[in-house]
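Read off the chains here:
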Amino acid sequence: MVDTVAALRALYDARTPWQRAWRGPHVEAFRRMLGARPVARALLPASFNPRWVADFLTIAPASPEPTFAAELAAVGRLPDERIRADLRATRPEPLAAELLADGLTGQVVELLDWVWTHTVEPEWPERERRLRADIVARTAALSRGGWAGVFADLNRNVRWVGDGRLQVNDYPEPPLSLSGAEQLFLVPAHCGRGWVVWDRPTRFGMVYPARGILVDPTSPAPDGLARLIGANRANILARLDTPLSTSQLVVVTGLSLGTVSDHLRVLLDAGAVSKRRSGREVLYWRTPLGDALAASG
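Below: a short report on this structure. Position numbers for residues start from 1 in each chain and track the written sequence from start to end. Where totals are concerned, whole chains, interfaces and linings use all residues; where local detail is concerned, this predicted model gives features only for residues with pLDDT of at least 70, and gives and counts side-chain atom pairs only at 80 or more. Side-chain measures were taken over the full set of non-hydrogen atoms in the model, leaving aside hydrogen atoms and water.

**Things to note about the overall build of the protein**
Selection rule: Working definition: helices are DSSP H or I runs of at least four residues, strands are E runs of at least two. Numbering for both runs from the N terminus. Summary of the burial criterion: residues with accessible area below 20% of their type's maximum are buried, those above 50% are exposed, and those between are partly exposed, where the area comes from a 1.4 Å probe applied to protein chains only. Should any heavy atoms of two residues lie within 4.5 Å, those residues are counted as being in contact. We get accessible surface area from the Shrake-Rupley algorithm with a probe of 1.4 Å; when it comes to residues, only the shown protein chains can shield them.
Along its length, the protein carries 13 helices and 11 strands. In the protein, which comprises 297 residues, the proportion classed as buried is 44%. Long-range contacts, defined here as pairs at least 24 residues apart, represent 56% of the contacts in the protein between residues at least 6 apart. When the accessible surface of the protein is summed, it comes to about 14900 Å², and 55% of that surface belongs to carbon and sulfur atoms.

**Remarks on the sheet that holds strand S8 (residues 203-209)**
So the rule is basically this: A pair of strands is considered paired only if DSSP assigns at least 2 bridges between the two. Working convention: axes come from line fits to C-alpha atoms, limited for helices to the stretch in contact. Angles between N-to-C directions cover 0 to 180 degrees.
Taken together, the three strands give an open sheet; going across it, the order is S6-S8-S7, and neighbouring strands pair in mixed fashion. If you trace the sheet from one side to the other, it starts and ends with strand S6 (183-189) and strand S7 (195-199), each paired once. Taken pair by pair, the neighbouring strands of this sheet meet at an average axis angle of 20°, ignoring direction. Alignment of S7 against S8, held across five bridges, turns out to be antiparallel.

**What about the packing of aromatic side chains?**
The following threshold applies: Note on ring pairs: Phe, Tyr and Trp rings are taken, using the six-membered ring of Trp, and paired if centres are within 6.5 Å. Classes follow the plane angle, with under 30 degrees stacked, over 60 edge-to-face and the rest tilted.
The full count for this structure, using the stated rule, is six aromatic pairs. Plain terms: the ring middles of Phe 30 and Trp 114 are 6.0 Å apart, the flat faces sit at 50° to each other, and that makes the pair tilted. Taken together, the residues span a long stretch of sequence, with Phe 30 in helix H3 (residues 27-35) and Trp 114 in helix H7 (residues 104-120) at a distance of 84 residues. Its relative accessible area of 3% is what places Phe 30 among the buried residues.

**Structural notes on the environment of Phe 68**
Relative to the assigned elements, Phe 68 resides in helix H5 (residues 68-76). Distance from Phe 68 to Asp 113, taken between C-alpha atoms, is 9.0 Å for residues 45 residues apart in sequence. Not counting residues within four places of it along the chain, the set of residues in contact with Phe 68 comprises Met 1, Thr 4, Leu 112, Asp 113 and Trp 116.

**Observations concerning the side chain of Arg 127**
How we decide: What qualifies as a polar contact is a pair of N or O atoms within 3.5 Å, subject to a donor-acceptor requirement within protein and to the restriction that residues adjacent in sequence count only when both atoms come from side chains.
In this structure, Arg 127 sits in helix H8 (residues 124-151). Reaching out from Arg 127, the side chain makes a polar contact with the side chain of Glu 123 at a distance of 2.8 Å. Among residues more than four places away in sequence, those in contact with Arg 127 are Asp 3, Trp 22, Val 120 and His 190.

Next comes the structure, spelled out in structure tokens:
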């Protein structure tokens, strides 16, 4: 659902170059859909302001790995008046007449389902691969630096201020207290900026831009390098411009753990990569020789 909301926001108001590039193939179908659905057309400007997302779009997931269908059903259980209350909290101006009729929740569900079906679901295997790679990286950061280390590069306005308190934006409100939270989680997404998801007081989450949004799902290796050392080995070497663990490489390449380990061993023996342990992970990165090989082609 988080990625679906991020996709909806990009379709409505793409603000970054990569969002505009992603939006291109989908925008005409999106406009045709809105042309036939006046309620959905009115929902969009009411649901997003530059600094906030309507709360009915940011319900905390009920399980660690929920299905889209389960999250969509949670939205579908909300009454129309809850949707309208969240819209009024997002933007103070009067609601459009189209949003005052019965059946508003059903219109929200149909809009989200359209975005998922037409834009996110066809890409989901590659999207999920990037998201899981980011989770691995953030977990390693948590083990090294605690919550302060994790939040340090999520968003310039997000700060862990200690004593169970998190500053989630630069508004004048006091930091959010998480002392009563039973679950605190981070949710990577294909988004330009993050937002919060919560079910106070027990569940709280931060949505943040995943690393690797711009990564080409195909091998980034030059053709010449692939011919020299093999496509899979070249793919791994090309991705090691920054340190990555074996687990991360498994996720971003789609190769098995054994295959990745075998290729890393060869690259280590050849002097193309170095390694060191970081917590429970072993990180690999290119040596100057590896950089020269990756730049060949």
